[in-house]
Amino acid sequence: MALFTYDLHVHSCLSPCGDDDMTPCNIAGMAMIAGVKIVALTDHNSCKNCEAFFMACEDYGITPVAGCELTTSEEIHMVCLFEGLKQAMAFDKTIQPYRMPLKNRVEIFGSQPIMGRDDEIIGEEPWFLPAATSLSLNEAAELVRSMGGLAYPAHIDRESNGLLAILGTFPDEPVFELCEVRDKENAQKLAGGRRVVVSSDAHRLTDFAVTLNHIELDCEPDSPPEIIRKALFKKLS
Amino acid sequence: MLTVEKLMDKLELAPIELPDGTRRITGGYAGDLLSWVMGRANEGDAWVTIMTNMNVAAVAQLTDVACVIFAEGVEPDKETVLKARMHGINLLGSPKGIFELCGLISEAMLADEHEERN
C-alpha cells in the first residue's frame, strides 16, 4: 500500500479552451515539478493527445491515464477513463459518429492541435470538440463501461455542465458510485455518500496541482505505470 | 377553463402519456436546467423543455406542473416515460420550438381568460 498524488481531470491544448502551453510534454513536466504522480488527460470528447501524453510521461516518470471528458446530450460533463491507451483510442473512434459536426472557429474558441511525441503539431481537430454528443448520460455511461472504462460525472460542484446543476439530483440510472468535485469542501454535501475524486479540471499550467490530492493504492510507490494504473482502476471501480 | 386536453387540441400537441387530460393549466414555464426548474416552476404550469432525462418526471412530480411539453421534436428517454406513467404525469410532444410554443401557450391562456369573462 502507498499514497499517490493524482489529478484525473486535465485538459491539453487539444481542448479549444485549453491553453496552448498545455502540451503533452509540458503537462508531464509540470506534473513532475509539482509532485503529481498520476495524471489523466481528459480533453473534451477526444483522446487524440493521449498517445503523445503517454510518451511524455515516460520521460518524466509520471503514470499517465488515458481518457476524455465527454459531453452528453444533456450537456453534462462526464469523465471517461481507460486503463489502457488502446482502449481509450478505441473509445475515441467509437464516439466519432455521436459528435456534433460543428466546425471549430479558431478565432473564437481557440485551436485544437493534435500533438506528436516532441510537442510538434501533427494534426488539427476540425470539429468543435466540447459540443454535446448525441449520447445521453445513460447511453454514454453504458458505452464507456461496455468498453472496459470508468465513467463518472465531472465537477458536480460546478454550475456549468455539472450533473447536479443540469439534472437537479443524481438520477436513479445510470448508477454512479463515484463522482468528481473540484473543491474538496463540497464533497460531503453534494456527493450523497458516493466516493469522491478531487481533480483540478486544469486548462492552464497554473491551474494544475494548486493543491495536491492523495489516493491510497495497493502497489509500491515505484511500481511501473501499468501496475499503478491497475491498482487505481481496482480502487475506483 | 384551459385544460391539458384543450391545449393539446389548440397547439396540436402529441400525447406521450396522458393520465389526466382534464388537469387545469394555470401558468407556464420554460427551462432545461432541472436545478432551476425545481425552484421556479409552479403548480399547474405547462412546462416546456428539451431535457429528456428521467429526472424530468421527478421534477414534474415535485413541482406538480400540469404537463410537460417536449419541444423541438425531442423524444423523452424510456425511463422518463415509465416514471411519468408511474406517477400520473402528463407528457406531450411537439415539433415546434420553445419560443413558438411559449407564445402559443400564452395566447391560449389569454383567449381562455377572455372566454371566461364573457
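Only a predicted model underlies this, so the values are computations on that prediction, with no experimental measurement involved.

Undergrad: Explain the pattern of salt bridges to me, using residue names and the numbers behind them.
TA: All names here are of chain A. One pass over the full model with this rule turns up 16 salt bridges over all chains. As a salt-bridge pair, D201 and R158 come within 3.1 Å of each other at their nearest N and O atoms. Placement of the pair is D201 in the loop between β9 (195-198) and β10 (213-217) and R158 in the loop between β7 (150-153) and α6 (163-167), with a sequence separation of 43 residues. Of the two residues examined, D201 and R158, each falls in the buried class. Within the structure, one salt-bridge network assembled from shared partners comprises K48, D92, R99 and E125.

Undergrad: Lay out the packing of helix α1 (residues 24-34) of chain A against helix α2 (residues 50-60) of chain A with the relevant residues and their values.
TA: All names here are of chain A. The N-to-C vectors of α1 and α2 enclose an angle of 35°; their axes lie 8 Å apart at closest approach. Two packed elements cross with a definite hand, and for α1 against α2 that hand is right-handed. Every residue of α2 that contacts α1 at P24, C25, I27, A28, G29 and M32 is listed here: A52, F53, A56, C57 and Y60. Taken together, the residues of the contact of α1 with α2 sort by class into 10 nonpolar, one polar and no charged.

Undergrad: Help me get a handle on the interface of chain B and chain A, residues and values and all.
TA: In this complex, chain B contributes 13 residues to the contact, which on the side of chain A involves 14 residues. Of the roughly 980 Å² buried where chain B meets chain A, counting both sides, 50% is carbon and sulfur surface. Where chain B meets chain A, there are one salt bridge. For the salt bridge of K83 of chain B with D172 of chain A, the shortest nitrogen-to-oxygen distance reads 3.3 Å. Applying the counting rule to chain B against chain A returns six residue pairs in polar contact (both at pLDDT 80 or more). Every element with two or more residues in the side of chain B that touches chain A is listed here: α2 (34-40) and α4 (78-87) of chain B. Per-element accounting of the side of chain B that touches chain A gives the leading share, four residues, to α2 of chain B. In the side of chain B that touches chain A, the residues fall into six nonpolar, three polar and four charged.

Cut-offs applied
Residues numbered from 1 in each chain as written. Chains lettered and ligands numbered in written order. Predicted model: local features only at pLDDT ≥ 70, side-chain atom pairs only at ≥ 80, totals over all residues. Heavy atoms only, no water. Salt bridge = Lys/Arg side-chain N within 4 Å of Asp/Glu carboxyl O. Helix = DSSP H or I, 4+ residues; strand = E, 2+ residues; numbered from the N terminus. Buried < 20%, exposed > 50% of the residue type's maximum accessible area, 1.4 Å probe, protein only. Axes fitted to C-alpha atoms, helices over the stretch in contact; angles between N-to-C directions. Left-handed = near helix turned anticlockwise from the far one by under 90°. Contact = heavy atoms within 4.5 Å. Nonpolar A, V, L, I, M, F, W, Y, C, P; charged D, E, K, R; others polar. Buried area = accessible area lost by both parts, 1.4 Å probe. Polar contact = N/O pair within 3.5 Å; in protein donor to acceptor, adjacent residues only side chain to side chain.

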